Amino acid sequence: MHKSPIVLAMAVLAAGPIAASAQTPATSKAEVMATVHQFVDAFNKGDTKVVLAACADQTSIIDEFPPHEWHGAGACARWSSDYDTDARKNGITDGVVTLRDPSHVDIAADRAYVVVPADYSFKKNGKPVKEVGSVFTLVLHKGQAGWKLTGWAWAKH
């Protein structure tokens, strides 16, 4: 009779970490994707301050416009400035990124790897253009300030 309470207690204790780990990935996934959406939503609104707030200071970026890569301290700010310059040069306005459901949200401790199919619509010299089926791949790190982008690449379809 004394074994039943001990077995029950051991089962509850063993299930505790399993239940906690089952909740953690979903919570972490939501937190990771909240940062991704913060970045994209701010880009869509033209809110550079919030775009930059989603980025870690040390970032690595690959994108479709010259110079195609940015890395190191302030990379997101340089990318943003170069995006604006390229958009003006090529008559691009009203850029909007639409994310689909992520293909991958892989989280290991304080690191996350995210792959999201995406579409990019904009106007070029006043005419609507839509790039469908691009891929947005991001890497994030969780620090004291929460999840921040440490790297990302955009692959135009």
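Okay, so let's go over this structure. (Residues numbered from 1 in each chain as written. Predicted model: local features only at pLDDT ≥ 70, side-chain atom pairs only at ≥ 80, totals over all residues. Heavy atoms only, no water.)

1. Re the pairing of strand β7 (residues 146-155)
So, point 1. Across four bridges, the pairing between strand β1 (residues 55-62) and β7 is parallel. Within β7, the residue paired with S60 across the bridge is G151.
So, point 2. With nine bridges joining them, strand β6 (residues 127-143) and β7 adopt antiparallel strand pairing. Among the inter-strand pairings, H141 is bridged to a residue of β7, identified as K148.
So, point 3. Between β6 and β7, which pair antiparallel one after the other, the connecting turn spans two residues. (Pairing = 2+ DSSP bridges. Helix = DSSP H or I, 4+ residues; strand = E, 2+ residues; numbered from the N terminus.)

2. Regarding the pairing of strand β2 (residues 69-73)
Put simply, side chains in a regular strand alternate between the two faces of the sheet.
So, point 1. Bridge count for β1 against β2 is five bridges, and the pairing is antiparallel. Bridge assignment links I62 to a residue of β2, and that residue is E69.
So, point 2. The turn joining β1 and β2, which pair antiparallel and follow one another in sequence, is formed by six residues; a positive phi near 75° is taken by H68.

3. Remarks on the environment of T98
So, point 1. Along the chain, T98 falls in strand β3 (residues 92-99).
So, point 2. Assessed through its relative accessible area of 41%, T98 is described here as partly exposed.
So, point 3. The spacing of T98 and D41 is 57 residues in sequence and 9.0 Å in space, taken between C-alpha atoms.
So, point 4. Sequence-distant contacts of T98, that is, excluding residues within four places in its chain, are made with P117, A118 and D119. (Buried < 20%, exposed > 50% of the residue type's maximum accessible area, 1.4 Å probe, protein only. Contact = heavy atoms within 4.5 Å.)

4. A closer look at the nonpolar core
So, point 1. Among the nonpolar cores identified, the biggest contains 35 residues, and F39, W79, F136, L138, L140 and W152 are the most heavily contacted of them.
So, point 2. Counting residues per element, this core draws most heavily on helix α1 (residues 3-45), at seven residues.
So, point 3. Not counting residues within four places of it along the chain, the set of residues in contact with F136 comprises F39, V40, L99, V114, V115, V116, A118, W152, A153 and W154. (Core = buried A, V, L, I, M, F, W, Y, C linked by side-chain atoms within 4.5 Å.)

5. Looking at the packing of aromatic side chains
So, point 1. For the structure shown, the criterion picks out 15 aromatic pairs.
So, point 2. Residues Y120 and W154 carry aromatic rings whose centres are separated by 6.3 Å and whose planes lie at 75° to one another, so their mutual orientation is edge-to-face. Here the residue Y120 occupies a position in strand β5 (residues 111-124), and W154 occupies one in strand β7, the gap between them amounting to 34 residues. For the pair Y120 and W154, one class covers both residues: buried.
So, point 3. Here the aromatic residues F39, F43, F65, W70, W79, Y83, Y120, F122, F136, W152 and W154 are joined through ring pairs into a cluster of three or more. (Phe/Tyr/Trp six-rings, centres within 6.5 Å; stacked < 30°, edge-to-face > 60°.)

6. Focus: the pattern of salt bridges
So, point 1. In total, this model carries five salt bridges according to the counting rule given.
So, point 2. Across the pair E64 and K156 runs a salt bridge whose closest N-O atoms are separated by 3.6 Å. Separated by 92 residues along the polypeptide, E64 in the loop between β1 and β2 and K156 in the segment after β7 bring together distant segments of the chain.
So, point 3. Note on E64: relative accessible area 30%, which makes it partly exposed.
So, point 4. One salt bridge connects D94 with K123, and the closest N-O pair in it is separated by 3.8 Å. Pair noted here: D94 is in strand β3 and K123 is in strand β5, with a separation of 29 residues, a long-range link.
So, point 5. What makes K123 partly exposed here is its relative accessible area of 35%. (Salt bridge = Lys/Arg side-chain N within 4 Å of Asp/Glu carboxyl O.)

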